[in-house]
Amino acid sequence: MLDEALEHLVKGIVDNPDDVHVAERTLRRGRVLEVRVHPDDLGKVIGRNGRTARALRTVVGALGGRGIRVDLVDVDQVR
Amino acid sequence: MTEGNTPVVEGEDALTRLEQEGEIAADYLEGLLDIADLDGDIDMDVEGDRAAVSIVGDSGRDLQKLVGRDGEVLEALQELTRLAVHRETGDRSRLMLDIGGFRARKRAELTELGTKAAQDAKTSGEPVKLRPMTPFERKVVHDAVAAAGLRSESEGEEPQRRVVVLPA
């Protein structure tokens, strides 16, 4: 549910919603929701001083994702 | 709709634009409620020169979750909703979001506080300093003081900025 909720929140604010993909991964340090967006939209989902990224994390935390990391990356970024 | 109380909206165009903002916001928020399986209905209105959208419902616990401590989650959702509106309209939105009556209650409390501070200032003849508040909170207090017939100003720097009520 959290990945779907996060995907909905991000798709609604970017110019390229079809390029939004959220994947949940479990790392040694815990669960991570990785949000991939179009390179042109990365600035948008981070926001001024990280404001938008913070808002996304706050809402995910409220929906039960406390302690889950939210990573924002663009689709060109190589892991 | 509170007609006659919306002097800042200029004509039909502005009103239609604000109603459209409300509809975009409602779609965005409804989608979230569905996915998260939270109960809530969406009310839309226009207050002054802003679209006002509220999530209301009787499942207090669900909605409380979306308000968060001190309205923290509510502010985050308002921020995201404004961005969603901006994406669709291309214009910056000043939309106000309320959830479970949180802002309405806060406004009532602060109005009472401002009215009481104005009375204290009148009685004592001394300025009354209030605790530090957010810009939204200070605006409500200034309005209440003005309604009580006194003047007030803000002093200090954010986030320590506070209202001082001046005696007549």
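Chain A is annotated in an unreviewed UniProt entry as RNA-binding protein KhpA of Streptantibioticus parmotrematis. In the Sequence similarities (unreviewed entry) part of its UniProt record, chain A is described as follows: "Belongs to the KhpA RNA-binding protein family."

Enquirer: How would you sum up helix α4 (residues 102-124) of chain B? Please name residues and give values.
Expert: For α4(B), built from 23 residues, the straight-helix expectation of 33 Å at 1.5 Å per residue is met to within 8% by its first-to-last C-alpha distance of 33 Å. Buried within α4(B) are the following residues: Phe102(B), Arg103(B), Lys106(B), Leu110(B), Gly114(B), Ala117(B), Ala118(B) and Ala121(B).

Enquirer: Describe the interface of chain A and chain B, and please don't skip the residues or the numbers.
Expert: In this complex, chain A contributes 19 residues to the contact, which on the side of chain B involves 18 residues. Put simply, chain A and chain B have one salt bridge between them. Where Arg51(A) meets Glu79(B), a salt bridge forms, and the shortest distance between an N and an O atom there is 2.7 Å. Elements represented by at least two residues in the side of chain A that touches chain B include exactly α1 (2-11) and α3 (51-65) of chain A. Here the side of chain A that touches chain B gets eight residues from one element, more than from any other, and that element is α3(A). A breakdown of the residues in the side of chain A that touches chain B according to their chemical character gives 11 nonpolar, four polar and four charged.

Enquirer: I'd love a proper account of a negative patch on the surface, names of residues and values included.
Expert: Residues and elements named next belong to chain B. On the surface, a cluster of negative charge is made up of Glu12, Asp13, Glu19, Glu23, Asp27, Glu30, Asp34, Asp37, Asp39, Asp41, Asp43 and Asp58. Breaking the negative patch down by element, the ones donating at least two residues are α1 (11-36) and β1 (41-47). For the negative patch, the element with the most residues is α1, which contributes seven residues. What makes Asp37 exposed here is its relative accessible area of 65%.

Enquirer: Report on the nonpolar core, specifying residues and quantitative values.
Expert: Residues Leu6(A), Val10(A), Val59(A), Leu63(A), Leu97(B) and Ile99(B) are the most contacted members of the largest nonpolar core, which totals 54 residues. Non-local contacts of Val59(A), meaning those with residues more than four positions away in its chain, are made with Leu9(A), Leu32(B), Val73(B), Ala76(B), Leu77(B) and Leu80(B). Residues Ala117(B), Ala118(B), Val128(B) and Leu130(B) belong to the second largest nonpolar core, which totals 13 residues.

Enquirer: Outline the pattern of salt bridges, supporting the account with residue identities and numerical values.
Expert: Per the stated rule, a full pass over the model turns up 17 salt bridges over all chains. Across the pair Arg25(A) and Glu34(A) runs a salt bridge, and its minimum N-O distance is 2.9 Å. Given a relative accessible area of 27%, Arg25(A) falls into the partly exposed group. Measuring nitrogen to oxygen at the nearest pair gives 3.1 Å for the salt bridge that ties Glu155(B) to Lys129(B).

Enquirer: So, the sheet that holds strand β6 (residues 162-166) of chain B: which residues are in play, and what are the values?
Expert: Strand pairing in a sheet is mediated by backbone hydrogen bonds. Such pairs are either parallel or antiparallel. Residue and element names in this part refer to chain B. As summarised here, the arrangement of the three strands in space is β4-β6-β5, forming an open sheet in which the pairing is antiparallel. Both outer strands of the open sheet, β4 (128-132) and β5 (151-155), are each paired with one neighbouring strand and no more. Neighbour-to-neighbour, the strand axes of the sheet open up by a mean angle of 20 degrees, direction not taken into account. Sitting on the sheet, helix α5 (residues 135-147) is in contact with β4, β5 and β6, with an inclination near 160 degrees to β5.

Enquirer: Could you give an account of the packing of aromatic side chains, with specific residues and numbers?
Expert: Counted by the stated rule, this structure contains zero aromatic pairs over all chains. Sitting over the face of the ring of Phe136(B), Arg103(B) holds its NZ or CZ atom 5.4 Å from the ring centroid.

Enquirer: Quick one: what's the story with unusual backbone geometry, residue by residue and with numbers?
Expert: Geometrically, the link from Glu158(B) to Pro159(B) is a cis peptide bond, its omega value of 0 degrees lying close to zero. Summarising the element assignment, Pro159(B) is placed in the loop between β5 and β6. Although it is not a glycine, Asn49(A) adopts a positive phi angle of roughly 55 degrees. Residue classification places Asn49(A) among the exposed positions, given a relative accessible area of 70%. The backbone of Asp37(B) sits at a positive phi, close to 55 degrees, despite the residue not being glycine. With respect to the helices and strands, the residue Asp37(B) is situated in the loop between α1 and β1.

Cut-off values and rules
Residues numbered from 1 in each chain as written. Chains lettered and ligands numbered in written order. Predicted model: local features only at pLDDT ≥ 70, side-chain atom pairs only at ≥ 80, totals over all residues. Heavy atoms only, no water. UniProt positions renumbered as here; feature names shortened; annotations may be inferred. Helix = DSSP H or I, 4+ residues; strand = E, 2+ residues; numbered from the N terminus. Expected span 1.5 Å × (residues − 1). Buried < 20%, exposed > 50% of the residue type's maximum accessible area, 1.4 Å probe, protein only. Contact = heavy atoms within 4.5 Å. Salt bridge = Lys/Arg side-chain N within 4 Å of Asp/Glu carboxyl O. Nonpolar A, V, L, I, M, F, W, Y, C, P; charged D, E, K, R; others polar. Patch = residues over 30% accessible without salt bridge, like charges linked within 9 Å, V, L, I, M, F, W, Y side chains within 5 Å. Areas by Shrake-Rupley, 256 points an atom, 1.4 Å probe, with all protein chains shown as cover. Lys, Arg positive; Asp, Glu negative; His and termini not counted. Charge placed at Lys NZ, Arg CZ, Asp CG, Glu CD. Core = buried A, V, L, I, M, F, W, Y, C linked by side-chain atoms within 4.5 Å. Pairing = 2+ DSSP bridges. Axes fitted to C-alpha atoms, helices over the stretch in contact; angles between N-to-C directions. Phe/Tyr/Trp six-rings, centres within 6.5 Å; stacked < 30°, edge-to-face > 60°. Lys NZ or Arg CZ within 6 Å of the ring centre and 35° of its normal.

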